[in-house]
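# Observations on chain architecture
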Amino acid sequence: MIIWINGSFGSGKTSISNQLNKRLKNSYIYDPEEVGFFIRDNIPSTLKNYDFQDFHLWREFNYKMLSYIESNYKGIIIVPMTIIKKQYFDEIIGRLVSDGILVKHFTLLASKDTLIDRLTSRGDGKNSWVIARVDKCIEALNDEYFKEHIITDEKTAEEVTAIIIKMID
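Residues numbered from 1 in each chain as written. Predicted model: local features only at pLDDT ≥ 70, side-chain atom pairs only at ≥ 80, totals over all residues. Heavy atoms only, no water.

## A look at helix H1 (residues 13-23)
The condition that has to hold: Residue exposure (1.4 Å probe, protein chains only): buried if accessible area is under 20% of the type maximum, exposed if over 50%, otherwise partly exposed. Here a strand is any run of E in DSSP of at least two residues, a helix any run of H or I of at least four, and the numbering for each starts at the N terminus. Throughout, the arc means the angular range of directions from the helix axis out to the C-beta atoms.
Taken as a whole, H1 has its buried residues at Lys13, Ile16, Ser17, Gln19 and Leu20. Viewed end-on, H1 has its buried residues packed into an arc of 160°, placing them on one side of the element. Exposed side of H1, more than 90 degrees from the buried face: Thr14 and Lys22 are the residues found there.

As structure tokens, this is what we get:
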């Protein structure tokens, strides 16, 4: 099984993923962002773009890697990653589901004020790339397409983790 934790930057994806990893035996955190960093660091500057998710290679690699891990690992794969474009969601998560892989997808939602407070408290500046994308994330992820939604504003990481564990049982 794959548990995909989606949400805006500052919604708690990393904290929740770490909590899930502690509470679920035989679980592993797979971070698709690392693939993006690899791509960005290993191509000529003229080929770089604003968002590594826009590289088809990033989406294809993550689909194939998750498929490989799921086929060969006898445990739960936890994936903390923001995906706000339906096409990209379908190219990774949709394909995994089409292949018969069980993917439980959760989107963590919070108000803009909560997200910005969390991001600035972790050191992101007011003009940072992640804060600049908060509005776009909120708008996209509130869509029914990205259900299951979990509102995190007034919840601790432990409470959200408990909700997810209950929903996957």
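## Brief notes about the side chain of aspartate 51
Rules: The term polar contact refers here to a pair of N or O atoms within 3.5 Å; inside protein, the definition further demands a hydrogen-donor-capable atom paired with an acceptor-capable atom, and it admits residues adjacent in sequence only when both atoms are side-chain atoms.
Along the polypeptide, aspartate 51 turns up in the loop between helix H2 (32-41) and helix H3 (56-72). From its side chain, aspartate 51 meets the backbone nitrogen of glutamine 53 in a polar contact 3.0 Å long. In this structure the side chain of aspartate 51 is engaged in a polar contact, spanning 3.5 Å, whose partner is the side chain of arginine 133.

## Quick word on the nonpolar core
Here is the rule: Only buried residues count toward a nonpolar core. Its members are Ala, Val, Leu, Ile, Met, Phe, Trp, Tyr and Cys residues joined through side-chain atoms within 4.5 Å. Throughout, a contact is declared for two residues whenever any of their heavy atoms are within 4.5 Å.
If you look at the biggest cluster of nonpolar residues, it comprises 36 residues, and the most contacted ones within it are Ile2, Trp4, Trp58, Leu66, Val79, Ile83 and Leu96. In terms of residue count, helix H4 (residues 86-98) provides more of this core than any other element does, five residues in total. Among residues more than four places away in sequence, those in contact with isoleucine 2 are Leu66, Glu70, Ile77, Val79, Leu96, Ile101, Leu102, Val103 and Lys104. Of all hydrophobic cores here, the second largest spans 14 residues; its members include Ile76, Ile78, Ile164 and Ile168.

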